[in-house]
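Understanding the architecture of this molecule
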Amino acid sequence: MKSLGLFLLVVLFLTPTFTRSDEMLFDVGLGALDTSSSMKFFSFGIQEDLWDCLKMRGNGGGWIDNSAGASSSGFFSGQLGFEVDSGGFTGDAFFGPGSITQTDALLGGYFQFESSLELTFHDINRNGMGVFFRHFSSAGFSTPNEGRDVLGLQLVFPF
């Protein structure tokens, strides 16, 4: 029952993200560096303006991790955040609830939070390439709560 409630919460949070807008962005990310293992990470996301620099984002993806005590998992999350645009450079900070498909020695519990920081260089059409840092954690709601930190590269496309 808790899983169904969490799923409905995230779906309700993400639903407005998928409405059509001129300010909508799609991103694809790959990460190969994790601070605790040799994890391989991939993600996709969609972002929409809410008001001025306030944004809403939906993320999904997963990681492959075969190190001791770790496991591969999928994830999805909904986030609110801020974006600062200075010409051809954009900086973002996002935070929000999410879920993973498999717990392990680093992340206990299926309910998690995702925090992300991004720096992107883009052209006049908003096509861009950048770097991201993502942190997954249960914020102490479940144990273990070592968290996962991921550094990666991303491509951004308007649609």
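You'll find the structure just up there.
Sequence order sets the numbering: in each chain, residues are counted from 1 along the sequence as written. Local features are withheld for residues below a pLDDT of 70 in this predicted model, meaning they are given only at 70 or higher, and side-chain atom pairs are given and counted only at 80 or more; totals for whole chains, interfaces and linings count all residues. Water and hydrogen atoms play no part in the side-chain values, which are based on all heavy atoms of the structure.

1. Quick look at the overall build of the chain
Under the scheme used here, helices are H or I runs from DSSP no shorter than 4 residues and strands are E runs no shorter than 2 residues, and both carry numbers assigned from the N terminus. Tallying secondary structure elements over the chain gives one helix and eight strands in all. Along the chain, helices and strands appear, N-terminal first, in the series α-β-β-β-β-β-β-β-β. Taking all 159 residues of the chain together, the buried fraction comes to 46%. Contact definition: two residues touch when any of their heavy atoms are within 4.5 Å. For the chain, contacts bridging at least 24 residues in sequence account for 54% of all contacts bridging at least 6. If you sum the accessible surface of the chain, you get close to 8300 Å²; carbon and sulfur atoms cover 70% of it. When accessible area is computed with a 1.4 Å probe and restricted to protein chains, residues below 20% of their type maximum are described as buried, those above 50% as exposed, and intermediate ones as partly exposed. Residue burial considers only the protein chains on display, and all accessible areas are found by Shrake-Rupley using a 1.4 Å probe.

2. Regarding the pattern of salt bridges
By convention in these notes, a salt bridge is any Lys or Arg side-chain nitrogen within 4 Å of a carboxyl oxygen on Asp or Glu. Counted according to the given criterion, the structure contains 10 salt bridges. Close ionic contact of Arg-134 with Glu-114 constitutes a salt bridge, the shortest N to O distance being 3.4 Å. You can see Arg-134 sitting in strand β7 (residues 128–137) and its partner Glu-114 sitting in strand β6 (residues 111–122), a full 20 residues away along the chain. For the pair Arg-134 and Glu-114, one class covers both residues: buried.

3. A word on the side chain of Glu-118
Tracing the backbone shows Glu-118 in strand β6. On the basis of relative accessible area, Glu-118 is assigned to the buried category, the value being 2%. Looking at Glu-118, its side chain comes within polar contact range of the side chain of Arg-57, at 2.4 Å. At 3.2 Å, the side chain of Glu-118 forms a polar contact with the side chain of Gln-154. If sequence neighbours within four positions are ignored, Glu-118 has contacts with Arg-57, Thr-90, Gly-91, Asp-92, Val-131, Phe-132, Arg-134 and Gln-154. Counting of polar contacts relies on pairs of N or O atoms within 3.5 Å, with two restrictions inside protein: one atom must be capable of donating a hydrogen and the other of accepting it, and residues adjacent in sequence are counted only when both atoms are side-chain atoms.

4. Some remarks on the nonpolar core
Here, the term nonpolar core denotes a set of buried Ala, Val, Leu, Ile, Met, Phe, Trp, Tyr and Cys residues that are joined through side-chain atoms within 4.5 Å. Ranked by size, the top nonpolar core spans nine residues in total: Met-39, Phe-41, Trp-63, Phe-75, Ile-100, Leu-107, Phe-132, Phe-136 and Val-150. For Phe-41, the contacting residues outside a window of four places in its chain are Gly-29, Leu-30, Gly-31, Gly-62, Trp-63, Phe-75, Phe-132, Arg-134, Phe-136 and Val-150.

5. Here's the deal with unusual backbone geometry
Between Thr-143 and Pro-144 the backbone carries a cis peptide bond, its omega angle lying at 0 degrees. Relative to the helices and strands, Pro-144 resides in the loop between β7 and β8 (148–158). The residue Arg-126 is not glycine, and still its phi comes out positive at about 75 degrees. With respect to the helices and strands, Arg-126 occurs in the loop between β6 and β7.

6. Remarks on the pairing of strand β2 (residues 40–51)
With 11 bridges connecting them, β2 and strand β3 (residues 54–64) associate as antiparallel partners. Note that in β3 the partner of Gly-45 across the bridge is Asn-59. The pairing criterion for strands is at least two bridges between them, as found by DSSP.

7. Topic: the environment of Pro-144
Since its relative accessible area comes to 33%, Pro-144 is described here as partly exposed. Taking the C-alpha atoms as reference, Pro-144 lies 8.2 Å from Gly-109; in sequence the two are 35 residues apart. Those residues in contact with Pro-144 that lie beyond four places of it in its chain are Asp-104, Ala-105, Leu-106, Leu-107 and Gly-108.

8. Here's the deal with the environment of Ser-99
Topologically, Ser-99 is positioned in strand β5 (residues 89–100). Polar side-chain contacts of Ser-99 include one of 3.2 Å to the backbone oxygen of Tyr-110.

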